[in-house]
Amino acid sequence: MSNNTVIKVEGLSKQYILNKSGASKSDTLYGNFLNGLRNVKNIARKKETEEFWALKDVSFEINQGDRVGIIGRNGAGKSTLLKILSRITPPTKGRIEYSGRMASLLEVGTGFHGDLSGRENIYLNGSILGMNKFEIDRKFDEIVDFAEVEKFLDTPVKRYSSGMYVRLAFAVAAHLEPEILIVDEVLAVGDAAFQDKCLGKMNEVSAKEGRTILFVSHQMAVLSALCNKSVLLEKGQFVGMGPTDKIINTYLHRGEKNTGQNYDNSEPANGAKLKIRSVRVLNHVQTTVSEINNLYKGYVEVTFEVFEKGRGYDVSMELKHMQYGSIFTTCLKDIDTEGNDNKVFEKGVYKYCIELPLSFLREGEYIVSFAATIPKVEVLDVFNYDTLFSILDSTSPVAKTTEGRYGAILPVLEWKKMESVII
Amino acid sequence: MTYLCNKLNQEKIIIDSNLSSFFSLKDVLKYKSLLNNLAKRDFLVRYKQAFAGIMWALIKPLMNILVFGYIASKINSSADTASNFVFVASAMLLWQLFANVFNDVSNSIIGNSNLFAKVYFPKIIIPLSSILVCLVDFMISLIILIVLFIISGQTIHWHMILAPLFIILTLINGFGIGLYFATINVKYRDVKFIVPVILQFGMYVTPVIFSSTFYMEKLSRFIPDWLLWLFYLNPMVGAIEGFKYSLFGGDAIYNFNYFILSTTISFLFLLIGVKYFYKFERNFVDYI
């Protein structure tokens, strides 16, 4: 470890054993007993397990004061890495060395109890995050100030609005004073103004006091604003580490095959309310394609399954251009042809089709990604795969004159003649 | 500046695939405020939105004492009713303490999995905080015992100062066995159903309602005398005999050697429980 290195990760691997048939029977004593019987009678079936390496041989070093982003698709091993770093789960192989006090923020409001008041929860949550009573006492007013909840300090937090709840939860975490701070994608909650405030706080903490931050996010803009370095992971393997902008660029250009469709038939997580099942890119005759000709129409179709009846669910799609980055995000709630904002989703499978605004999309490679949320409350599901497709140059009005045009989109706008003076 | 100061005396932490931890008092003390806050949460939450509130900590054991005390006084009609009642009440309270600690500790780990799945802290803090909660409940229910003592006109002995020792022994019993079951509970949720059965059955093979002498007389009809020590493999027998002895004196301790056997078993269970817990503790998150 050189003088300046605070974290050193060497050959880190984590293996999970998956039961193929979901919750296997052998998870109960009775099931184990049955398996035992089968073994005795020698009719033991082939073990229905599968090995899965969530992380494989990852090594890197982080210097003091670095703000490091961890980039990768869902399932790349980002969360596993954070969990191992924060000592929540042990690695299968490899080792990590670090010095200094480390605090991890993998979730906001860990341990918050609805029946307890805001004040009681500050103490409870603070102590879970590793602060002692003295530290919390000292920071108490600052925390309350940051969260803007003075009036409701003695109200049980179950009566809080979701915004207040998240603010209070983040406020406690933001006032930790570790030398190393690990943050998972927790900022996805809360409104834009509050997100800015949180990022500002993190920047301040890191810049002023020389703390090291490890940060996972899917929002490239946030990463490039906050982090000076980044680590790129892919399918559990280390791809590279370097300046954030360079790594983001690498990440965006490492697409899987350009197929125009992706399916996810895996078992939903325990207690999942909703899962996105498939994303397809369709052409004007509703066939799955990987290339869309902008002479015709193009659609993106998403299928999701609701496991728990509820209201307020929202699904959003982000369209990214490989070269220009994010183009736009559109949400189910924007214009749902069936109507109201608080629509109740019954259990079942839903399919929606979104027409792509080809009239102003530039030619090139695109990625669509989907996520389902209850806005400002929780992230329900993030689709595991980015779907790639390309838009072909063709004879649409603007395509003819693409050369010499800059920018991410190519809108055809009206130029209304107001006045012309001919001398 | 604070940062620089910290940097001088910070320790290096190594996370390794085959590193195992064991109980460390230093770690527990470092997380003292978490221990307190978890216990406080469990205590506060239990009686929130209950009209009788904290009174339930009194009502529950009182009901038990009344029911079992009544039954006992009917059966042991020969003995003096009042002192018989106090006798049963004291054993009952101690048994309740054991039952609560055993039950709460065995469910504590899965009940708080949302915490250690997101934040690191020594997991032993969780069952330890369960003990604290049970102990507070016990202290409240001690009021009943003191009142009963005064009403029935019991005399004060010097050996009463031994009582806390047997309360601690009871905690050790509940904690040791509870920790073992808490570990199994992480993978096999069957524990939730097994524990109440063990407790229900256990009460009848422990001198709670009847004295040890009573059990020994009954048992000696079925098994040879030299096997009577089997009864003392139950670690709660020693704790309850000792507690009764400390409060009332007399012949509560049936046979001193057997009594030592029972208390030895207590510490053996504690050792097994703690060892087993630390063997799997690091991997809990992957099984929850």
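Because the structure is a prediction, the values reported are computed rather than measured.

### Considerations on the overall build of chain B
Looking only at helices and strands, one finds 13 helices and 1 strand in chain B. Starting at the N terminus and ending at the C terminus, chain B contains elements arranged as α-β-α-α-α-α-α-α-α-α-α-α-α-α. Seen through its C-alpha atoms, chain B measures out along the principal axes to roughly 75 × 50 × 40 Å. Out of the 288 residues in chain B, the part that is buried amounts to 49%. Sequence-distant contacts in chain B: of pairs separated by 6 or more residues, those separated by 24 or more amount to 81%.

### So, the overall build of chain A
Along its length, chain A carries 8 helices and 21 strands. Per-residue burial for chain A yields a buried fraction of 48% across its 423 residues. Total accessible area on chain A stands at roughly 21100 Å², and carbon and sulfur atoms take up 50% of it.

### What to know about helix α12 (residues 256–280) of chain B
All names here are of chain B. Under the 1.5 Å per step criterion, the end-to-end length of α12 is 37 Å for 25 residues, consistent within 8% with the ideal 36 Å. Among the residues of α12, those classed as buried are Tyr258, Phe259, Ser262, Thr263, Ile265, Ser266, Gly273, Val274, Phe277 and Tyr278. Where α12 begins, the capping side chain belongs to Asn255, and its oxygen is found 2.8 Å from the backbone nitrogen of Asn257.

### Side note on the pattern of salt bridges
Residue and element names in this part refer to chain A. Applying the stated criterion to the full structure yields 16 salt bridges over all chains. Between Arg95 and Glu10 there is a salt bridge, with its nearest N and O atoms 3.8 Å apart. Of this pair, Arg95 sits in strand β4 (residues 93–99) while Glu10 sits in strand β1 (residues 5–19), and the two are 85 residues apart along the sequence. With a relative accessible area of 26%, Arg95 lands in the partly exposed category.

### Describing the packing of aromatic side chains
Summed over the entire model, instances satisfying the criterion amount to 32 aromatic pairs over all chains. Ring geometry for Phe116(B) against Phe284(B): centres 6.4 Å apart, planes inclined by 45°, an arrangement best described as tilted. Here Phe284(B) lies in helix α13 (residues 284–287) and Phe116(B) lies in helix α6 (residues 113–116), a separation of 168 residues in the sequence. Judged by relative accessible area, Phe116(B) falls into the buried class, the value being 2%. Of the residues examined, Phe284(B) reaches a relative accessible area of 1% and is grouped as buried. Measuring from centroid to centroid gives 4.5 Å for Tyr180(B) and Tyr276(B), while their planes differ by 40°, and the two rings are tilted. With Tyr180(B) in helix α8 (residues 163–187) and Tyr276(B) in helix α12, the pair connects residues that are 96 residues apart, well separated along the chain. Judged by relative accessible area, which is 31%, Tyr180(B) ranks as partly exposed. Chaining the aromatic ring pairs together yields one cluster made of Trp95(B), Phe98(B), Phe102(B), Tyr180(B), Phe181(B), Tyr276(B) and Phe280(B). Geometry around Tyr120(B) places Arg87(A) over its ring, the cationic atom sitting 3.9 Å from the centre.

### Here's the deal with the interface of chain A and chain B
Residue-level contacts link 52 residues of chain A with 37 residues of chain B. Here chain A meets chain B over a buried area of about 3800 Å², counting both sides, of which 57% is carbon and sulfur. By the criterion of area lost to chain B, the three top residues of chain A are Arg87(A), Ile88(A) and Ile128(A), representing 16% of everything that side buries. Our count for the contact surface shared by chain A and chain B stands at 2 salt bridges. Elements supplying a minimum of two residues to the side of chain A that touches chain B: β1, α1 (29–40), α2 (78–85), β4 and α3 (118–128) of chain A. Per-element accounting of the side of chain A that touches chain B gives the leading share, 7 residues, to β4(A). Inspection of the sheet shows β4(A) paired to strand β1 (residues 12–16) of chain B by 5 bridges, in the antiparallel sense. Each residue of the ladder has a partner; that of Ile96(A), found in β1(B), is Ile15(B).

### Some details on a nonpolar patch on the surface
Taken together, the side chains of Phe22(B), Phe23(B), Leu25(B) and Leu29(B) present a nonpolar region at the surface, about 410 Å² in accessible area. If you trace the backbone, Leu25(B) turns up in helix α2 (residues 25–30).

### Concerning the domain arrangement of chain A
Assigned domains within chain A: domain 1 (5–11 + 55–253) and domain 2 (261–396). Distance between the C-alpha centres of domain 1 of chain A and domain 2 of chain A: 29 Å.

### Describing the sheet that holds strand β10 (residues 261–263) of chain A
All names here are of chain A. One open sheet holds the 4 strands; their spatial order is β10-β11-β13-β18, and the pairing between them is antiparallel. The open sheet has two edge strands, β10 and β18 (348–355), and neither has a second partner. Across the sheet, the axes of successive neighbouring strands diverge by a mean angle of 20°, strand direction being ignored. Both strand β11 (residues 274–282) and strand β13 (residues 299–306) contribute to a ladder of 8 bridges, which runs antiparallel. Looking across to β13, one finds that Val279 is bridged to Val302.

### Re the pairing of strand β15 (residues 314–321) of chain A
Residue and element names in this part refer to chain A. Within β15, 7 of the 8 residues are buried, which leaves the element mostly enclosed by the surrounding structure. As judged from the 6 bridges shared by β15 and strand β16 (residues 325–331), these two strands associate in the antiparallel manner. Within the sheet, the bridge partner assigned to Leu319 lies in β16 and is Phe328. Connecting β15 to the next strand, β16, in antiparallel fashion are 3 residues.

### Regarding unusual backbone geometry
All names here are of chain A. Residue Asp57 is not a glycine yet carries a positive backbone phi of 50°. Summarising the element assignment, Asp57 is placed in strand β2 (residues 49–63). At Lys235, a residue that is not glycine, the phi angle is positive and equals roughly 45°. Residue placement: Lys235 occurs in the loop between β8 (229–234) and β9 (237–243).

The rules behind the values
- Residues numbered from 1 in each chain as written.
- Chains lettered and ligands numbered in written order.
- Predicted model: local features only at pLDDT ≥ 70, side-chain atom pairs only at ≥ 80, totals over all residues.
- Heavy atoms only, no water.
- Helix = DSSP H or I, 4+ residues; strand = E, 2+ residues; numbered from the N terminus.
- Buried < 20%, exposed > 50% of the residue type's maximum accessible area, 1.4 Å probe, protein only.
- Contact = heavy atoms within 4.5 Å.
- Areas by Shrake-Rupley, 256 points an atom, 1.4 Å probe, with all protein chains shown as cover.
- Expected span 1.5 Å × (residues − 1).
- Polar contact = N/O pair within 3.5 Å; in protein donor to acceptor, adjacent residues only side chain to side chain.
- Salt bridge = Lys/Arg side-chain N within 4 Å of Asp/Glu carboxyl O.
- Phe/Tyr/Trp six-rings, centres within 6.5 Å; stacked < 30°, edge-to-face > 60°.
- Lys NZ or Arg CZ within 6 Å of the ring centre and 35° of its normal.
- Buried area = accessible area lost by both parts, 1.4 Å probe.
- Pairing = 2+ DSSP bridges.
- Patch = residues over 30% accessible without salt bridge, like charges linked within 9 Å, V, L, I, M, F, W, Y side chains within 5 Å.
- Domains from an automatic or database assignment.
- Axes fitted to C-alpha atoms, helices over the stretch in contact; angles between N-to-C directions.

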